[in-house]
Amino acid sequence: GGAGGGVTVSGAGALSVNTVSNTAEALIRNGSNVTTTDSAAVKLKAVDNSIINADAGGGVVGITIGTAGASIAVGAAVAFNDIGNTIRASIDDSTVHSAASIRLEATSNSAIDVLTIGIAGSLAGALAGASLAGAGASSFSDVSNIIEASIIGSTVDAVGAINLVATDLSSI
């Protein structure tokens, strides 16, 4: 008879890279002159709703069958996700007179939802055999937004309240 043997080396991987870089602005600027009448308010609102949904997976199975054999299997997945936005509501170098109130609002609702999976399986079916399997998964996520509600170098007055609101509701 004969003898058979073999080596199986298997590998699989996945890489996911996602970047969002936006600017959302609501501005009165560059020497603008704004005046409201009849109880009208001044409202500036900038909102960001950036979302990254990332899934990365790598799976592999290695099989060796014979009188002597070895099987090696490696599976890996990596995801890199980054959101870096500028959200700004601002009155800059201008004059604003409101017959009611003034409200500047900047809000970020950025979100990163990520799933990474690495799967590996190895089988050496032999009289003399070795089997090795390894898997790994990793995610790297970052949200670094600039969220600003501001009045800079301006003349501003209102009959009612003047409100500046900057809110970060980002999540990973």
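Quick note: structure is the one above.
Residues numbered from 1 in each chain as written. Predicted model: local features only at pLDDT ≥ 70, side-chain atom pairs only at ≥ 80, totals over all residues. Heavy atoms only, no water.

**Re the overall build of the protein**
Next, step 1: Per the secondary structure count, the protein includes zero helices and 14 strands.
Next, step 2: Ordering the α and β elements of the protein from the N terminus gives β-β-β-β-β-β-β-β-β-β-β-β-β-β.
Next, step 3: Compactness check: the protein gives a C-alpha radius of gyration of 29 Å against a globular reference of 16 Å for 172 residues, more than 25% above the reference.
Next, step 4: Along the longest, intermediate and shortest principal axes, the C-alpha atoms of the protein span 100 × 25 × 15 Å.
Next, step 5: The buried share among the 172 residues of the protein stands at 30%.
Next, step 6: Excluding contacts between residues fewer than 6 apart, the proportion of contacts in the protein whose partners are at least 24 apart in sequence is 84%.
Next, step 7: Of the accessible surface of the protein, which amounts to about 9000 Å², a share of 52% is contributed by carbon and sulfur atoms. (Helix = DSSP H or I, 4+ residues; strand = E, 2+ residues; numbered from the N terminus. Rg over C-alpha atoms; globule rule 2.2 N^0.38 Å. Buried < 20%, exposed > 50% of the residue type's maximum accessible area, 1.4 Å probe, protein only. Contact = heavy atoms within 4.5 Å. Areas by Shrake-Rupley, 256 points an atom, 1.4 Å probe, with all protein chains shown as cover.)

**Re the pattern of salt bridges**
Next, step 1: Following the criterion strictly, the structure yields three salt bridges and no others.
Next, step 2: The salt bridge involving Arg88 is made with Glu25; its shortest N-O contact spans 2.7 Å. Residue Arg88 is located in strand β7 (residues 86-92), and its partner Glu25 is located in strand β2 (residues 23-29); the two are separated by 63 residues in the primary sequence.
Next, step 3: The salt bridge partner of Arg103 is Glu105, with a shortest N-O separation of 3.3 Å.
Next, step 4: One network of salt bridges, with partners in common, ties together Glu25, Arg88 and Glu148. (Salt bridge = Lys/Arg side-chain N within 4 Å of Asp/Glu carboxyl O.)

**A closer look at the packing of aromatic side chains**
Next, step 1: Across all of its chains, the model carries one aromatic pair by this definition.
Next, step 2: Ring plane angle 15 degrees and centroid distance 5.1 Å describe the contact between Phe80 and Phe140, whose orientation is recorded as stacked. Pair noted here: Phe80 is in strand β6 (residues 68-83) and Phe140 is in strand β11 (residues 128-143), with a separation of 60 residues, a long-range link.
Next, step 3: The class of Phe80 is partly exposed, set by a relative accessible area of 37%. (Phe/Tyr/Trp six-rings, centres within 6.5 Å; stacked < 30°, edge-to-face > 60°.)

**Remarks on the sheet that holds β11**
Next, step 1: If you walk across this open sheet you meet the three strands as β1-β6-β11, and the pairing is parallel. Two strands bound the open sheet, and with one partner strand each, they are β1 (5-20) and β11. Strand after strand, the sheet turns through a mean of 0 degrees between neighbouring axes, direction not considered.
Next, step 2: Relative to β11, β6 is paired through 16 bridges, and the arrangement is parallel. Counterpart to Ala73 in the pairing with β11 is Ala133. (Pairing = 2+ DSSP bridges. Axes fitted to C-alpha atoms, helices over the stretch in contact; angles between N-to-C directions.)

**Focus: the environment of Ser90**
Next, step 1: Summarising the element assignment, Ser90 is placed in strand β7.
Next, step 2: With residues up to four places along the chain from it excluded, the contact list for Ser90 reads Ala26, Leu27, Ile28, Leu44, Leu104, Glu148, Ser150 and Ile152.

**Some thoughts on the sheet that holds strand β9 (residues 102-108)**
Next, step 1: Ordered by their spatial adjacency, three strands build an open sheet running β4-β9-β14, and the pairing between neighbours is parallel. The strands lining the two open edges of the sheet, one partner per strand, are β4 (42-48) and β14 (162-168). Pairwise comparison of adjacent strand axes, ignoring direction, gives a mean angle of 0 degrees for this sheet.
Next, step 2: As paired strands, β9 and β14 are joined by seven bridges and run parallel to one another. When the bridges of β14 are listed, Ser108 appears paired with Asp168.

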